[in-house]
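# Coordinate analysis (summary)
Below, each chain spelled out in residue letters.
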Amino acid sequence: MANEDLFKKVISHAKEYGYVFASSEIYDGLSAVYDYAQNGVELKKNIREYWWRSMVFMHQNIVGIDASILMHPTTWKASGHVDAFNDPLIDNKDSKKRYRADVLIEDFCEKINKKAQKEIAKAKKRFGESFNEEEFKSTNPRVLGYIKQQKEIIERMASSLEAEDLADVKLLIEELGIADPLTGSKNWTDVKQFNLMFGTKLGASAESAMDLYLRPETAQGIFVNFLNVQKTGRMKIPFGIAQTGKAFRNEIVARQFIFRMREFEQMEMQFFVRPGEEMKWYEYWKETRLKWHHSLGLGEENYRFHDHEKMAHYANAATDIEFNFPFGFKELEGIHSRTDFDLKAHEEHSGKKLQFFDHETNKNYTPYVVETSIGLDRMFLAIFSNSLKTEELEDGSSRVVLKLPAILAPIKAAVLPLVKKDGLPDIAKKIIEDLQWDYNVTYDEKDAVGRRYRRQDAVGTPFCITVDHQTIEDETVTIRNRDTMEQERIKISEISKKLEDTISYKKWLK
Ligand code: ATP
C-alpha cells in the first residue's frame, strides 16, 4: 500500500474503531486539535504508564511530579521562550499555504538521502553477500556526493538560522528550487519568525489581569521545582524528575493528524548531574531510551538517531530518536544535554539559589541537565500506524488487524458466549467479573463468532475467550490469539495465568 493511502487508512481506522476523533467535530472540528475516544484513551493511558514505570519505578533515583499548566510568566522569560521560541515561517503567494522554512529544507534533504539509499540498495543487490555497506558509503562517488550535498545544505541553514539571517534561508530555498509540496509553485514570501506560545489572562478585571502563557513544554515545571524535590525527597545527584502532561504550541503547519498538534501531551524527564559528567549521562539516556522503544517490538529498523546540527538555545548536545511513520522518518523523541542553562536562568530571574551541595566533592554547584522528552501523541501514532495490518488469509479472504503490543492494548480480552442461550452468557459474565479486577475486558454476544473475532482484531484485542457447550461440561474455554489466530482449549481457572504470562510489565520492560 502506498504510504499516503496507509496514512489515510490509519486516520479512518482510528475514527471508526473509537481511537481518535476530531475535536468538536459537530462544528467541523478545530485545526490540529483532537479528542481521544473510548479505546484511544486506554491506549494513551497504557503508553503513559509504560513510560512512567520504566522511568520512575525502574530507577530508584527518579521521582515524578505533576506541575500546573499555568506558571508565573517570568518562567518563560527565563527559559528563553518569550524571546526565542520561534519557528521560521514562509508563505507561498500562489497557494496561500504556510510552511516552516526549516522543514521545507529538511524534507528536501531527505529526498537526497533517499537517492543515496537507492544507490546503496542497488549495489547491495548487485554484490550480494560480499557487499560491505560501510565501505561502499565511504568510497562510492555518487553516494559521497549526496552525503556532502545534504551536509552543506543543513550546515548553511543552521548557521543562517543561528545568525537570524532569514534572507539567506529564503535564498537557500530559492537556490535549491524548493517548490510548494502541494502545488509546485515557487513563488515565496520572505521568511519571518513566529512565536509559538499561546497567551491567556489571569484575573477578572482588565486592569488587574496578568498576561500568562499556556506552557509550551512541561520541562520548566520541573526546573522551578528542582530544589523543592531535591530537599523534600532528599535526592542526591545524579537524580531525575519525571512528568507527563499537556503542552500547547501554536504550530504553523499542522496537517499530519496527531503528529503535530496545537494541544498535546509530553512525557519528560530531567536528569540532574554533576557538571562535566553530562556527556556520560547523555550517552546513557540515548541508549536507555532506544532500548525502551525496542522493547515494544515495532521493529528495530524503524528507529534511527538524528543528531542536531542546529542546537536549541539551551543545549550542548542533542539528538532525536526518529521513527518510520507512514510519511517517513520523523522525530519521535528528543534527548538533549541542556547544560545548566535553565537552572541558572531561573536563579537570575528569581534571585533564588538553585544549587546542590555535593557531600562527595564538598562543593556547591548548579547541576547540569540531560533531558528526555517524548510526545505521547506521537508515540500513539507510531504504535497505531505500525500495528495496523491487512492480512491475506489462507482461504483467500483478508482481515484487518491492529497488532498493538499486548501490554498496551486498550482491551486485553473479549469474552464471547458462542450463543445467547443455554446459560453460556452467564458463564461468560462470571469470567468477566473475575478478570476485570486486573484487566480491562469486554463482553460481546452479538453476531456470529467469526464476525466478533474480526471486530476484536480490528480493535486490537490480544485475546478472545469463547464460552461454548463444552464449557458447561468441563469448565474449559477456547482462547484465541489475535496474531496467530490459533485457538487453544484451557481451563477457566487458567485464564488469568495465561493473560499474566503475556501481559506483564516485567516481561515487556525486561
Ligand atoms: P518538531 O521539530 O517536530 O517541532 P520539537 O523539536 O519542537 O519538535 P521538542 O520541543 O523537542 O520538539 O519536544 C519534545 C517532543 O514533544 C517531540 O519529540 C515530540 O514528540 C513532541 N512534540 C513537540 N511538538 C509537538 C506537537 N506539536 N504535537 C505533538 N507532539 C509534539
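Residues numbered from 1 in each chain as written. Predicted model: local features only at pLDDT ≥ 70, side-chain atom pairs only at ≥ 80, totals over all residues. Heavy atoms only, no water.

### A few points about the overall build of the chain
In plain terms, the rule: Numbering of helices and strands starts at the N terminus; helices are DSSP runs of H or I of at least 4 residues and strands are runs of E of at least 2. Computation of the radius of gyration draws on C-alpha atoms alone. For the globule rule, the value is 2.2 Å times the number of residues to the power 0.38. Only protein chains enter the accessibility calculation, which uses a 1.4 Å probe. A residue is then buried if its area is under 20% of the maximum for its type, exposed if over 50%, and partly exposed in between. In what follows, a contact means two residues having at least one pair of non-hydrogen atoms within 4.5 Å. Positive residues here are Lys and Arg, negative ones are Asp and Glu, while His and the chain termini are left out of the count. We put the charge of a Lys on NZ, of an Arg on CZ, of an Asp on CG and of a Glu on CD.
When helices and strands are counted, the chain shows 18 helices and 23 strands. Here the C-alpha atoms of the chain give a radius of gyration of 26 Å, agreeing with the 24 Å that 2.2 N^0.38 yields for 510 residues. Its C-alpha atoms give the chain principal-axis dimensions of about 80 × 60 × 55 Å. In the chain, which comprises 510 residues, the proportion classed as buried is 50%. Within the chain, contacts between residues separated by at least 24 positions form 65% of all contacts whose residues are at least 6 apart in sequence. Taken as two groups, the 75 positive and 82 negative side-chain charges of the chain have centres that lie 1 Å from each other.

### Points about the environment of Glu129
Its place among the elements puts Glu129 in the loop between helix H5 (101-127) and helix H6 (133-139). Along the sequence, Glu129 and Glu392 sit 263 residues apart, while their C-alpha atoms lie 31 Å from each other.

### Focus: the sheet that holds strand S12 (residues 317-325)
Using the following cut-off: Paired strands, as defined in this entry, are two strands with at least two bridges between them according to DSSP. Note on geometry: axes are C-alpha line fits, over the in-contact stretch for helices, and angles between N-to-C directions span 0 to 180 degrees.
In space, the seven strands of this open sheet follow the order S3-S9-S10-S16-S13-S12-S11, with mixed pairing throughout. Of all the strands in the sheet, just strand S3 (62-64) and strand S11 (303-307) have a single pairing partner and so form its edges. Here the average twist between neighbouring strands, direction ignored, is 25 degrees. Bridge analysis of strand S13 (residues 328-339) against strand S16 (residues 368-375) gives six bridges, and the strand direction is antiparallel. Within the sheet, the bridge partner assigned to Thr339 lies in S16 and is Val369.

### Things to note about the site of the ligand
Threshold: If a single non-hydrogen atom of a residue is within 4 Å of a molecule or strand, that residue counts as near it. Counting of polar contacts relies on pairs of N or O atoms within 3.5 Å, with two restrictions inside protein: one atom must be capable of donating a hydrogen and the other of accepting it, and residues adjacent in sequence are counted only when both atoms are side-chain atoms. Using a 1.4 Å probe, accessible areas were evaluated by the Shrake-Rupley method; residue-level cover was limited to the displayed protein chains.
In the vicinity of the ligand there are 17 residues, among which Glu251, Arg260, Met261, Glu331 and Leu332 approach most closely. Met261 has a polar backbone atom sitting 2.8 Å from a nitrogen atom of the ligand. Alone, the ligand offers 590 Å² of accessible surface; in the complex the protein occludes 87% of this. Looking at the shell around the ligand, the elements that each hand over two or more residues are strand S10 (263-273), S13 and S16. At five residues, S13 tops the list of elements feeding residues into the shell around the ligand.

### Describing the domain arrangement of the chain
To keep it simple, the criterion reads: Throughout, the edges of the domains are those of an automatic or database domain assignment. Summed over both partners, the accessible surface that disappears when two parts come together, traced with a 1.4 Å probe, is what is meant by buried area. What makes a salt bridge here is a side-chain nitrogen of Lys or Arg within 4 Å of a carboxyl oxygen of Asp or Glu, nothing more.
Each assigned domain of the chain is listed with its residue range as follows: domain 1 (1-72 + 212-401), domain 2 (86-195) and domain 3 (411-509). Distance from the C-alpha centre of domain 1 to the C-alpha centre of domain 2: 26 Å. Across the domain 1 to domain 2 interface the summed buried area is about 1,100 Å²; carbon plus sulfur atoms make up 57%. Linking domain 1 with domain 2 are two salt bridges.

### Things to note about the environment of Tyr505
For Tyr505, the location among the structural elements is in helix H18 (residues 505-509). Note on Tyr505: relative accessible area 24%, which makes it partly exposed. Tyr505 sits 32 residues away from Glu473 along the chain, and the two C-alpha atoms are 35 Å apart. Each residue touching Tyr505, except ones within four places of it in the same chain, is listed here: Glu49, Tyr50, Arg53, Ile407 and Lys510.

### A few points about unusual backbone geometry
Following Ile237, the chain continues into Pro238 via a peptide bond in cis, with omega recorded as 0 degrees. Tracing the backbone shows Pro238 in the loop between helix H10 (226-232) and strand S9 (239-248). Positioned with a positive phi, Asp28 is a non-glycine residue whose angle comes to about 75 degrees. Inspection of the secondary structure puts Asp28 in the loop between strand S1 (20-22) and strand S2 (34-36). Of note, the phi angle at Glu475 is positive, near 55 degrees, even though the residue is not glycine. Looking at where Glu475 falls in the secondary structure, it is placed in the loop between helix H16 (469-474) and strand S22 (476-481).

### Description of a nonpolar patch on the surface
Just so we agree on the cut-off: By definition, no residue in a patch forms a salt bridge, and every one has over 30% relative accessible area; like charges are joined within 9 Å, nonpolar side chains (Val, Leu, Ile, Met, Phe, Trp, Tyr) within 5 Å.
A cluster of nonpolar residues, Leu70, Leu202 and Met210, forms a patch on the protein surface that exposes about 240 Å² of accessible area. Secondary-structure assignment places Met210 in strand S8 (residues 210-213).

### Some thoughts on the nonpolar core
As a reminder of what qualifies: The criterion is simple. A nonpolar core is a set of buried Ala, Val, Leu, Ile, Met, Phe, Trp, Tyr and Cys residues joined through side-chain atoms within 4.5 Å.
Ranked by size, the top nonpolar core spans 76 residues in total, and within it Tyr19, Ile47 and Phe380 carry the most contacts. Among the elements that take part in this core, helix H13 (residues 376-387) stands out by supplying seven residues, more than any other. Both domains that meet at this core, namely domain 1 (1-72 + 212-401) and domain 3 (411-509), each give it at least three residues. When near neighbours in sequence (up to four residues on either side) are disregarded, Ile47 contacts Met267, Leu376, Met379, Phe380, Ile383 and Leu408. Listed in part, the 25 residues of the second largest apolar core include Leu104, Ile153, Met157 and Leu161.

### Quick look at the pattern of salt bridges
For the structure shown, the criterion picks out 49 salt bridges. Residue Lys201 is joined to Asp211 by a salt bridge in which the shortest nitrogen-to-oxygen separation is 2.5 Å. You can see Lys201 sitting in strand S7 (residues 199-202) and its partner Asp211 sitting in strand S8, a full ten residues away along the chain. Of the charged contacts in the structure, one is a salt bridge between Arg274 and Asp358, with a shortest N-O distance of 2.8 Å.

### A few points about the pairing of S10
A large share of S10 lies buried, amounting to ten of its eleven residues. Here ten bridges tie S9 to S10, and the two strands are oriented antiparallel to one another. What sits directly across from Thr244, in S10, is Met267. When S10 meets S16, the two strands line up antiparallel, connected through eight bridges. Directly across from Met267, in S16, lies its bridge partner Ile374.

### Structural notes on the side chain of Ser160
Among the secondary structure elements, Ser160 is positioned in helix H7 (residues 141-162). Setting aside anything within four residues of it in sequence, one finds Ser160 in contact with Asp165, Asp168 and Val169.

### Brief notes about the packing of helix H1 (residues 3-16) against H13
Applicable threshold: Here the word oblique covers every angle except those under 35 degrees (roughly parallel), over 145 (roughly antiparallel) and from 65 to 115 (roughly perpendicular). Residues are sorted three ways: Asp, Glu, Lys and Arg are charged, Ala, Val, Leu, Ile, Met, Phe, Trp, Tyr, Cys and Pro are nonpolar, and all the rest, Gly among them, are polar.
Across the interface, H1 lies against H13 with an axial gap of 10 Å and an inter-helix angle of 105 degrees. On the basis of the axis angle, H1 is roughly perpendicular to H13. For the pair H1 and H13, contact is made by Phe7, Val10, His13 and Ala14 and by Leu381, Phe384 and Ser385, respectively. Looking at the contact of H1 with H13 residue by residue, the class counts come to five nonpolar, two polar and no charged.

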